[in-house]
Amino acid sequence: MLLRTAFAVALVSTFAVTAASAETAKATFKNAEGVDVGQADLVQVTDGVLIKLALKGLPPGGHAFHVHAVGKCEPPFTTAGGHFNPANKKHGMMASDGPHAGDMPNLDIPASGELKLEVLNTGVTLAKDAPNSLLKPDGTALVIHATVDDYKSDPAGNAGGRIACAVITP
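Residues numbered from 1 in each chain as written. Predicted model: local features only at pLDDT ≥ 70, side-chain atom pairs only at ≥ 80, totals over all residues. Heavy atoms only, no water.

**Considering the confidence of the model for the protein chain**
When pLDDT is averaged along the protein chain, the result is 86, and 85% of the positions lie at 70 or above. Per-residue pLDDT stays below 50 along residues 1-21; that stretch engages in 43 contacts with residues further than four places along the chain or on separate chains. (pLDDT = per-residue confidence, 0-100. Contact = heavy atoms within 4.5 Å.)

Printed below as a string of structure tokens:
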């Protein structure tokens, strides 16, 4: 089945980026107990923002992964607000009026609890003055949920509770 998406999982970084001009950001994931469970390095590329994840100590299985609208991560991470949605779209890759800029593919955490992956989100930017910037004044956050996103239920895909959160910083 072909899905209309605003992002793609990148297996190899083949994006046009010049090191001197590339905008970057970073984020450190913490779980509800405050334990470091991973890092994200974000790089502006021609087609959006490449998010390089290195996660550890997360429960195995499928988990939703989203950009949330507020740069605040206080357990149970509801302080991160809803999904980042500057264009007021419906939630999900399978929604006819979607997806949100913050919608991204589910993560599949292996039994080891460790995952390294690159995700390209074409709905966002690191350009500070753009309406879809991840570096907006209130900030944004990356959130990992307890269960998978169904890619269609509005507003959040029935993804369950929030198990890890990372504030995006320049």
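**Overview of the side chain of Asn121**
Relative to the elements of secondary structure, Asn121 occurs in strand β8 (residues 115-121). The buried category is assigned to Asn121, whose relative accessible area is 0%. In terms of polar contacts, Asn121 uses its side chain to reach the backbone amide nitrogen of Gly123, at 2.8 Å. (Helix = DSSP H or I, 4+ residues; strand = E, 2+ residues; numbered from the N terminus. Buried < 20%, exposed > 50% of the residue type's maximum accessible area, 1.4 Å probe, protein only. Polar contact = N/O pair within 3.5 Å; in protein donor to acceptor, adjacent residues only side chain to side chain.)

**Quick word on the pairing of strand β6 (residues 65-68)**
Both faces of β6 are covered, namely the face carrying Phe65 and Val67 and the face carrying His66 and His68. Where β6 lies against strand β9 (residues 141-145), four bridges are found, and the strand directions are antiparallel. Each residue of the ladder has a partner; that of His68, found in β9, is Ala141. (Pairing = 2+ DSSP bridges.)

**Quick word on the state of the cysteines**
Taken as a whole, this structure holds one disulfide when the rule is applied. In this model, Cys73 is linked to Cys165 through a disulfide, with the two sulfur atoms separated by 1.9 Å. Handedness here is read from the sign of the S-S torsion; for Cys73 and Cys165, about -60°, the answer is left-handed. Separated by 92 residues along the polypeptide, Cys73 in the loop between β6 and β7 (107-109) and Cys165 in strand β10 (residues 162-167) bring together distant segments of the chain. With relative accessibility at 2%, the residue Cys165 sits in the buried group. (Disulfide = S-S within 2.5 Å.)

**Focus: the environment of Thr28**
Structurally, Thr28 can be placed in strand β2 (residues 24-31). Between the C-alpha atoms of Thr28 and Ile168, which are 140 residues apart in sequence, the distance is 8.0 Å. Once you skip the residues sitting within four places of it in the chain, Thr28 turns out to touch Asp36, Gly38, Gln39, Cys165, Ala166 and Val167. Among the polar contacts listed, one links the side chain of Thr28 to the side chain of Gln39, at a separation of 3.0 Å.

**What to know about the nonpolar core**
Counting residues in hydrophobic clusters, the biggest one holds 29 residues, and the most contacted among them are Phe29, Leu42, Ile51, Phe65, Leu134 and Leu142. Looking at this core, the elements that each hand over two or more residues are β2, β3 (36-45), β4 (48-55), β6, β7, β8, β9 and β10. For this core, the leading source of residues is β4, giving four residues. Apart from the residues lying within four places of it in its own chain, the contact partners of Phe65 are Phe29, Ile51, Leu53, Gly102, Met104, Pro105, Leu107, Val119, Leu142, Val143 and Ile144. Counting residues in hydrophobic clusters, the runner-up holds five residues, among them Ala80, Ala141, Val143 and Cys165. (Core = buried A, V, L, I, M, F, W, Y, C linked by side-chain atoms within 4.5 Å.)

**So, the environment of Val37**
Along the chain, Val37 falls in strand β3. Sequence separation between Val37 and Gly113 is 76 residues; the distance between their C-alpha atoms is 9.4 Å. Residues in contact with Val37, not counting those within four places in the same chain, are Phe29, Lys30, Asn31, Ala54, Leu55, Lys56, Gly57, Leu58 and Ala164.

**Observations concerning unusual backbone geometry**
With omega at 5°, the peptide bond leading from Pro75 into Pro76 counts as cis. On the secondary structure map, Pro76 appears in the loop between β6 and β7. Within the chain, Phe77 stands out as a residue other than glycine whose phi angle is a positive 70°. Unusually for a residue other than glycine, Tyr151 sits at a positive phi of about 65°. Structurally, Tyr151 can be placed in the loop between β9 and β10. With a relative accessible area of 17%, Tyr151 lands in the buried category.

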